[in-house]
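Survey of secondary and tertiary structure
Chain by chain, the residues:
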Amino acid sequence: MSTENNKVIVRRFYEEVWNKGNVTAVDELLAPNYVNHFDSPTNVSVPEHFQQNREETKHFIPQWLTAFPDLHFIVEFQVAEGDLVVTRGTASGTHKGEYRGLEFKGIPPTGKQVTWTFTAIDRITDGKIAESWLNDDSVSRLQQVGALHMPA
């Protein structure tokens, strides 16, 4: 596949799965042996590294769409080389359901509109995303919903 085709696959993941809530598209876009690597901020007392397979991803997405029903990802730019695609973007949504992120559980809805940035690296194999490395501004997101208070 060309690097342009690889970028289309990743962009489709954000549009179809996250923005439209089409979780059934996960099987079409993610490889059966898919692994997502999450990095947590080092200044929060949680494990530094999480991994999630394709089935776990299919359960994780609806949790986020419950917490942020209007969740929307904007892909600001992408760079691709070989089988890797780097995506930089912004996500936003209104905190209307229980927040059950990787770092924190059970944060009740606040009704607050939140916005955060993300950078992802995706490896494409045979027309599907086989591996992802995600780094997002979870500290800012948690501050915006009032779950993480920073000293003045």
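For the structure itself, look to the data block above.
What comes next is a walk through the structure. Worth saying up front: this structure is predicted, and the values here are computed from it rather than measured. (Residues numbered from 1 in each chain as written. Predicted model: local features only at pLDDT ≥ 70, side-chain atom pairs only at ≥ 80, totals over all residues. Heavy atoms only, no water.)

Let's talk about the packing of helix H1 (residues 3–19) against helix H3 (residues 54–67)
Closest axis-to-axis distance for the H1/H3 pair is 11 Å, and the angle between their directions is 65°. Here Phe13, Val17 and Trp18 of H1 lie close against H3, whose contacting residues are Phe60, Ile61, Trp64 and Leu65. Class assignment of the residues belonging to the contact of H1 with H3 gives a composition of seven nonpolar, no polar and no charged. (Axes fitted to C-alpha atoms, helices over the stretch in contact; angles between N-to-C directions. Helix = DSSP H or I, 4+ residues; strand = E, 2+ residues; numbered from the N terminus. Contact = heavy atoms within 4.5 Å. Nonpolar A, V, L, I, M, F, W, Y, C, P; charged D, E, K, R; others polar.)

Focus: H3
For H3, built from 14 residues, the straight-helix expectation of 20 Å at 1.5 Å per residue is met to within 8% by its first-to-last C-alpha distance of 20 Å. Those residues of H3 that sit buried are Arg54, Thr57, Lys58, Phe60, Ile61, Trp64, Leu65 and Ala67. Where H3 begins, one side-chain oxygen reaches toward the backbone nitrogen of Glu55, 3.0 Å away; that side chain belongs to Asn53. (Expected span 1.5 Å × (residues − 1). Buried < 20%, exposed > 50% of the residue type's maximum accessible area, 1.4 Å probe, protein only. Polar contact = N/O pair within 3.5 Å; in protein donor to acceptor, adjacent residues only side chain to side chain.)

Points about unusual backbone geometry
Most of the time, phi is negative for any residue but glycine, and the peptide bond is trans. With a phi angle near 50°, Asp126 is a residue other than glycine that sits in the positive phi range. On the secondary structure map, Asp126 appears in the loop between strand S5 (113–125) and strand S6 (128–136). For Asp126, a relative accessible area of 78% corresponds to the exposed category.

Here we look at the pattern of salt bridges
Evaluated as defined, the whole model comprises eight salt bridges. Through salt bridges that share partners, Asp27, Arg54, Glu55 and Lys58 make up one connected network. (Salt bridge = Lys/Arg side-chain N within 4 Å of Asp/Glu carboxyl O.)

Brief notes about the nonpolar core
Counting residues in each nonpolar core, the largest one holds 37 residues, and the members touching the most others are Phe13, Tyr14, Trp18, Ile61, Trp64, Leu71 and Ile129. Not counting residues up to four positions away in its chain, the partners in contact with Ile61 are Phe13, Val17, Trp18, Val23 and Val26. (Core = buried A, V, L, I, M, F, W, Y, C linked by side-chain atoms within 4.5 Å.)

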